[in-house]
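For reference, the chains in residue letters:
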Amino acid sequence: MVTSLDDLPIRDDLRGLTPYGAPQKHVRIRLNVNENTHPIPDDVARGIVDAVADAIRTVNRYPDREFTLLRESLASYLGHGLGADNIWAANGSNEVLQQILQAFGGPGRSVLGFPPTYSMHSIIAAGTGTAWLRGERDEEFGISPETAVRWIEETGPDIVFFCSPNNPTGTPLHLDTITAAYDATDGIVVVDEAYAEFAPAELPTALSLLAGRPRLIVSRTMSKAFAFAGARVGYLAADPAIADALRLVRLPYHLSALTQAAAIAALAHTPQMLAMVDDIKSQRDRLLVELPKLGYQVHDSWANFVLFGGVRDPHAVFEALLDDDIIIRDLSIPGHLRVTAGTEEETTAFLEAMARITARGT
Ligand code: PMP
């Protein structure tokens, strides 16, 4: 007899839930999980390999539990007067967010989010036993200060999750919404800025709000702009007391010596690592211009992906693209699909396939 999940004495609140499930398929053109589709430049890759090779000689010892050099490198990358004490890191920003909920959420506590947003926010809430409260967005997926405050007053959350630019819509969040939300709650306010580097340079980041706001956390990742998704490095900036809280829930030595060495070496080459960001932004802008010409409605995006509507049968279009060896994302938003900006060739292949599919009337 095959054992199923239902046969196991799993926590009642996990019964019936669905795990994170972006399909991982062997497809030539992968534009489905907002990765950076540009590989790391060769000379940078060599520098990283040398650093990892050095680190492997001492893996008989546990790594620096405080990952001090990495925190220093991340602080100097972020600027804004931040120091190593303001930084915390983990294996991807997913783990950073999980540690935040372990420390500040948990059974009997709640987190307010504003769907449609990054699907892991509610999944991490479920995993940590934190109640997920669903706020509603304004027109065109924005969140005004009044909307944020109204939802905080109505639901009284322990934590508020914002995402700017928001995944999957690409929508930016204005700083006055964050400050209004902060003033309306005694809880923790998290701004997930995973895609911040793809926003126009003039969009001020929530990093500029950290001074004097000890309950504000800005979470970032090296997975996107730094093309480091496979290395698993996410981090946050906040008051040093936030890192003290996370030390209570993290596993000792959670960041391996190899991860630390690779990330420090990558940060030492920041200009080359970020060189492809401008190219990705121009491919995103191409999607924003070309998809409407095919009859689709695009939502203005400040990230490395575009959500587009007006798709009669999203699942059929998803499948038709797969037949062309291209994968994008069907997030079950009626009439919509999301595509990541690829290299110039990948974006061209996607747009050409969409033109064919649209002409066929799929
Ligand atoms: N936040 C957002 C908004 C994301 O879209 C993602 C990845 N898709 C993450 C966080 C997690 O990224 P990682 O764990 O790779 O840092």
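See above for the structure.
Residues numbered from 1 in each chain as written. Predicted model: local features only at pLDDT ≥ 70, side-chain atom pairs only at ≥ 80, totals over all residues. Heavy atoms only, no water.

Draft legend 1. Seen up close, the packing of helix 1 (residues 42-56) against helix 8 (residues 257-267). Two numbers describe how helix 1 lies on helix 8: the axes approach to 8 Å, and their chain directions differ by 150 degrees. Relative to helix 8, the element helix 1 lies roughly antiparallel. In this structure, helix 1 meets helix 8 at a crossing whose hand is right-handed. Between helix 1, through Gly47, Ile48, Ala51, Val52, Ala55 and Ile56, and helix 8, the contact on the second element is made entirely by Ala257, Leu258, Ala261, Ala262, Ala265 and Ala266. Looking at side-chain class alone, the contact of helix 1 with helix 8 contains eleven nonpolar, one polar and no charged residues. (Axes fitted to C-alpha atoms, helices over the stretch in contact; angles between N-to-C directions. Helix = DSSP H or I, 4+ residues; strand = E, 2+ residues; numbered from the N terminus. Parallel < 35°, antiparallel > 145°, perpendicular 65-115°, else oblique. Left-handed = near helix turned anticlockwise from the far one by under 90°. Contact = heavy atoms within 4.5 Å. Nonpolar A, V, L, I, M, F, W, Y, C, P; charged D, E, K, R; others polar.)

Draft legend 2. Highlighting the sheet that holds strand 7 (residues 216-221). Taken in spatial order, the seven strands make up an open sheet running 2-8-7-6-5-3-4, and their pairing is mixed. Since the sheet does not close on itself, it has two edges, and those belong to strand 2 (87-90) and strand 4 (131-134), each with one partner. For this sheet the average axis-to-axis angle between neighbouring strands, irrespective of direction, equals 25 degrees. Alignment of strand 7 against strand 8 (residues 234-237), held across four bridges, turns out to be antiparallel. (Pairing = 2+ DSSP bridges.)

Draft legend 3. Molecular detail of the site of the ligand. Surrounding the ligand, one finds 13 residues, the nearest of these being Ser93, Asp192, Tyr195, Thr221 and Ser223. Thr221 is positioned with one of its side-chain polar atoms (N or O) 2.5 Å from an oxygen atom of the ligand. Ser223 places a polar side-chain atom, nitrogen or oxygen, 2.6 Å from an oxygen atom of the ligand. Starting from 400 Å² of accessible surface for the ligand in isolation, the protein chains cover 95%. (Near = heavy atom within 4 Å. Polar contact = N/O pair within 3.5 Å; in protein donor to acceptor, adjacent residues only side chain to side chain. Areas by Shrake-Rupley, 256 points an atom, 1.4 Å probe, with all protein chains shown as cover.)

Draft legend 4. Focus on the side chain of His254. Following the sequence through the fold, His254 ends up in the loop between helix 7 (240-247) and helix 8. Of the residues examined, His254 reaches a relative accessible area of 11% and is grouped as buried. At a separation of 2.9 Å, a polar atom in the side chain of His254 contacts the main-chain carbonyl oxygen of Ala89. Ignoring any residue separated from it by four or fewer positions in sequence, one finds His254 in contact with Phe67, Trp88, Ala89, Ala90, Asn91, Glu95 and Gln99. (Buried < 20%, exposed > 50% of the residue type's maximum accessible area, 1.4 Å probe, protein only.)

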